[in-house]
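As a plain string of letters, each chain reads:
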Amino acid sequence: MLRVMGTRYYFRRAVPRDIQAILGRKEFSLALKTSNKVIARERAGLLYGRIGELFNKAKDAAPEPTKAELKELIALQKKIIAEHEDLRDVERAAAQSRRKADEARHLYEKLTLVKQTEDFFERVTPAMNDLLHRLSR
């Protein structure tokens, strides 16, 4: 079900022989776009269930599916793959949002530090000027 290539995980599920001709493929193999094993398992579990649903519908249509059944199966295949892609896009956008929020938090902390430094110099500058004036006399 899970395969590792390099540091990335992939989902793989073989299509049962009796419905390979109906579905027009021997296996489903999709990139899970993660190197985190826990996330890969969650994504693979979702795909496993959805593809199992597709297999059951194909078995119900076997051995001689009608054109309508074939269209329904093709539409379901496309829907499963599209949902998988959409989920990855949402997760990618969420990760980008988290990174931007972290960056904004970091910049706010830097701004706070700069403001504290400015306040310090505003308080110290008159005393330093007075000290320099006294030393120059």
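Residues numbered from 1 in each chain as written. Predicted model: local features only at pLDDT ≥ 70, side-chain atom pairs only at ≥ 80, totals over all residues. Heavy atoms only, no water.

A short note on the overall build of the chain
- Secondary structure summary: the chain contains three helices and three strands in total.
- Secondary structure elements of the chain, listed N to C terminal, follow the sequence β-β-α-β-α-α.
- For the chain, the C-alpha radius of gyration of 30 Å lies well beyond 14 Å, the compact-globule estimate for 137 residues.
- Across the 137 residues that make up the chain, the buried fraction comes to 20%.
- Between the centroid of the 29 positive side chains of the chain and the centroid of its 20 negative side chains there is a distance of 5 Å. (Helix = DSSP H or I, 4+ residues; strand = E, 2+ residues; numbered from the N terminus. Rg over C-alpha atoms; globule rule 2.2 N^0.38 Å. Buried < 20%, exposed > 50% of the residue type's maximum accessible area, 1.4 Å probe, protein only. Lys, Arg positive; Asp, Glu negative; His and termini not counted. Charge placed at Lys NZ, Arg CZ, Asp CG, Glu CD.)

Side note on the environment of Met-5
- Tracing the chain through its elements places Met-5 in strand 1 (residues 2–5).
- Of the residues examined, Met-5 reaches a relative accessible area of 48% and is grouped as partly exposed.

Observations regarding the packing of aromatic side chains
- Applying the stated criterion to the full structure yields two aromatic pairs.
- When the centroid spacing of 6.2 Å and the interplanar angle of 50° are considered together, the rings of Phe-28 and Phe-55 count as tilted. Here Phe-55 lies in helix 2 (residues 37–61) and Phe-28 lies in strand 3 (residues 27–31), a separation of 27 residues in the sequence.
- For the ring pair Phe-120 and Phe-121, a centre distance of 5.5 Å and an interplane angle of 65° mean the geometry is edge-to-face.
- Across from the ring centre of Tyr-48, 3.7 Å away, lies the NZ or CZ of Arg-13, which sits over that ring.
- Seen from the ring of Phe-28, Arg-25 lies directly overhead, with NZ or CZ sitting 4.2 Å from the centre. (Phe/Tyr/Trp six-rings, centres within 6.5 Å; stacked < 30°, edge-to-face > 60°. Lys NZ or Arg CZ within 6 Å of the ring centre and 35° of its normal.)

Interpretation in functional terms is not warranted from these geometric data alone.
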